[in-house]
Amino acid sequence: MKLTKARLQQIIKEEIEGTQEQSHAFEIYSPGHYRSDPDTTIMYVENVPMSMIDVEEYESFKSTHKDPERFYKISKEGMQKLGFKLNEYGNLSVGSRRIDEVPERIEVTVPYNPRTGEFMLDNLRASQNPKVVDASGM
């Protein structure tokens, strides 16, 4: 019996799904334009099933790293389910990284009007207000 690469990947994926039924949380971010620019968090995704996770890097690092699950990424298909579109080259303009849990609070810089003493919440950009998405039903 000849084992093809696709069949081997399917077997590995099934084994991982069988051993790790836990849910995963991810931060989806837009990388900075330059290397020194900070990443901008776009959304947090909770309860991501293994079917939406790309395990290719995990497989290559699982024997050499103490915490190989940090190499989990949401697959391109999973990102498309979340509403992100591929560019003309078939790539995404955002990245994902596994996190332990979605933070309870995040810091946000809000414009403040010193004349009225009010925060101008209507001037928040979408990137300043990341959403939390539950991916368990996807």
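Look a little higher up for the structure.
Before going into details, it helps to say that this report is about the structure given with it. Remember, predicted model here, so these are calculated numbers, not experimental data.

In this structure the tally under the stated criterion is 5 salt bridges. Across the salt bridge formed by Asp39 and Arg97, the nearest N and O atoms sit 3.2 Å from each other. Here Asp39 is found in the loop between β1 (24–30) and β2 (40–48), whereas its partner Arg97 is found in strand β5 (residues 95–99), with 58 residues between them in sequence. Overall, the relative accessible area of 36% leaves Asp39 in the partly exposed class. Here the salt bridges do not stand alone but share partners, grouping Glu27, Asp39 and Arg97 into one network.

On to the packing of aromatic side chains. The description of an aromatic ring pair uses the distance of the two centres, along with the angle that the planes make with each other. Applying the stated rule across the entire model yields 3 aromatic pairs. For the pair Tyr58 and Tyr72, a centre-to-centre distance of 5.0 Å together with 45° between the ring planes defines the contact as tilted. Residue Tyr58 is located in helix α2 (residues 56–61), and its partner Tyr72 is located in the loop between α2 and β4 (73–74); the two are separated by 14 residues in the primary sequence. Here Tyr58 and Tyr72 have matching classes, each one buried.

Taken together, the 4 strands give an open sheet; going across it, the order is β5-β1-β2-β8, and neighbouring strands pair in mixed fashion. One side of each edge strand has no neighbouring strand; the edge strands of this open sheet are β5 and β8 (131–134). Mean inter-strand twist for the sheet, computed between neighbouring axes without regard to direction, equals 25°. Looking at chain direction, β2 and β8 are connected through 4 bridges and run parallel. Bridging across to β8, Glu46 finds its partner in Asp134.

About the criteria used
- Residues numbered from 1 in each chain as written.
- Predicted model: local features only at pLDDT ≥ 70, side-chain atom pairs only at ≥ 80, totals over all residues.
- Heavy atoms only, no water.
- Salt bridge = Lys/Arg side-chain N within 4 Å of Asp/Glu carboxyl O.
- Helix = DSSP H or I, 4+ residues; strand = E, 2+ residues; numbered from the N terminus.
- Buried < 20%, exposed > 50% of the residue type's maximum accessible area, 1.4 Å probe, protein only.
- Phe/Tyr/Trp six-rings, centres within 6.5 Å; stacked < 30°, edge-to-face > 60°.
- Pairing = 2+ DSSP bridges.
- Axes fitted to C-alpha atoms, helices over the stretch in contact; angles between N-to-C directions.

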